[in-house]
Amino acid sequence: MSNDVAPRQYEVSGHEEKSASLTHVSDPETAAAQLWTWTAPFSRMTFSEDNVLEVGFSPGTTLTVATFMHMQEQYFSRTSELDAHLIIDISGLDGVAVGVAEYFSKVVSKNRVAILGSGPADRVLARFFIRKLLRDHSCAYFERFSAAREHVLTHA
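Reading guide: rules and limits
Residues numbered from 1 in each chain as written. Predicted model: local features only at pLDDT ≥ 70, side-chain atom pairs only at ≥ 80, totals over all residues. Heavy atoms only, no water. Helix = DSSP H or I, 4+ residues; strand = E, 2+ residues; numbered from the N terminus. Buried < 20%, exposed > 50% of the residue type's maximum accessible area, 1.4 Å probe, protein only. Contact = heavy atoms within 4.5 Å. Areas by Shrake-Rupley, 256 points an atom, 1.4 Å probe, with all protein chains shown as cover. Pairing = 2+ DSSP bridges. Axes fitted to C-alpha atoms, helices over the stretch in contact; angles between N-to-C directions. Core = buried A, V, L, I, M, F, W, Y, C linked by side-chain atoms within 4.5 Å. Polar contact = N/O pair within 3.5 Å; in protein donor to acceptor, adjacent residues only side chain to side chain.

Brief notes about the overall build of the chain
Part 1 of the argument: Regarding its fold elements, the chain presents four helices and 10 strands.
Part 2 of the argument: Reading the secondary structure of the chain in the N-to-C direction produces β-β-β-β-β-β-α-β-β-α-β-α-β-α.
Part 3 of the argument: Across the 156 residues in the chain, those meeting the buried criterion constitute 47%.
Part 4 of the argument: A fraction of 70% describes how many contacts in the chain between residues 6 or more apart in sequence connect residues 24 or more apart.
Part 5 of the argument: As displayed, the chain offers around 8,100 Å² of accessible surface, 53% of which is attributable to carbon and sulfur atoms.

Shown next, in the form of structure tokens:
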């Protein structure tokens, strides 16, 4: 069920519309060119020339290990290794299943990760997720896309 398609729009729990490609940059002139976008009914990924992988989820999604593994398979079918920095928009998530954080942590242990949310519920979900990651992992929560992007591009 995967295809490379143009970004679609969806509404997140009464918040403003967000683009499926996560193009929330304040200055379009400084935005990196998108190399590819993959969408599915439950999620989407966009990879940019500045080595940033933006991940988002459709409203009401529960992230399972199977979903994570499917997304990982799609990523590796387009890019040979996971050295990208990640911005993960969790605004659409209703939950994260047991085992996802631990598996995620092992797969991306050397990558910088920014978790992007939009309010108190997302902060709580991100806190639980981050606490399950390996201790040497560089991961932080943000509510502004520009701050998340700065984190993954400038912090080693």
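Re unusual backbone geometry
Part 1 of the argument: Not every positive phi belongs to a glycine, and asparagine 51 is a case in point at roughly 70°.
Part 2 of the argument: Here asparagine 51 lies in the loop between strand S4 (43-48) and strand S5 (52-57).
Part 3 of the argument: By relative accessible area, asparagine 51 is classed as partly exposed at 23%.

Looking at the sheet that holds strand S10 (residues 138-142)
Part 1 of the argument: Strand order in the open sheet formed by six strands is S3-S4-S5-S7-S9-S10, and the pairing between neighbours is mixed. Two strands bound the open sheet, and with one partner strand each, they are strand S3 (34-39) and S10. Adjacent strand axes in the sheet meet at a mean angle of 15° when their direction is disregarded.
Part 2 of the argument: Note that strand S7 (residues 85-89) and strand S9 (residues 112-116) share four bridges and pair parallel. Opposite isoleucine 88, over in S9, you have isoleucine 115 as the bridge partner.
Part 3 of the argument: This element, helix H3 (residues 120-132), spans S9 and S10 of the sheet and lies at about 170° to S10.
Part 4 of the argument: Sheet strands touched by helix H4 (residues 145-154): S5, S7, S9 and S10. Its angle to S9, the strand with the most contacts, is close to 170°.

So, the pairing of S4
Part 1 of the argument: Summarising burial for S4: six of the six residues are buried, a large majority.
Part 2 of the argument: Neither face of S4 is exposed, since Ser43, Met45 and Phe47 on one face and Arg44, Thr46 and Ser48 on the opposite face are all buried.
Part 3 of the argument: Summarising the sheet, S3 and S4 pair through five bridges and their orientation is antiparallel. Bridge pairing in S4 places tryptophan 36 opposite phenylalanine 47.
Part 4 of the argument: Taking the residues that link successive antiparallel strands as the turn, the S3-S4 hairpin has three residues.

Some points on the nonpolar core
Part 1 of the argument: By size, the foremost hydrophobic cluster in this structure holds 28 residues, and its most contacted members are Met45, Leu53, Val55, Ile88 and Phe104.
Part 2 of the argument: Elements represented by at least two residues in this core include exactly S3, S4, S5, helix H1 (65-78), S7, helix H2 (100-107), S9 and H3.
Part 3 of the argument: Counting nine residues, the second-largest nonpolar core is a separate cluster that includes Val52, Ile87, Ala114 and Val152.

A closer look at the environment of glutamate 143
Part 1 of the argument: You can see glutamate 143 is positioned in the loop between S10 and H4.
Part 2 of the argument: Sequence separation between glutamate 143 and serine 118 is 25 residues; the distance between their C-alpha atoms is 5.4 Å.
Part 3 of the argument: Discounting residues that sit within four places of it in the chain, glutamate 143 has contacts with Leu116, Gly117, Ser118, Gly119 and Arg123.
Part 4 of the argument: Of note is the side chain of glutamate 143, whose polar atom sits 3.0 Å from the side chain of tyrosine 141.

Read these as layout, nothing more, since geometry by itself doesn't imply function.
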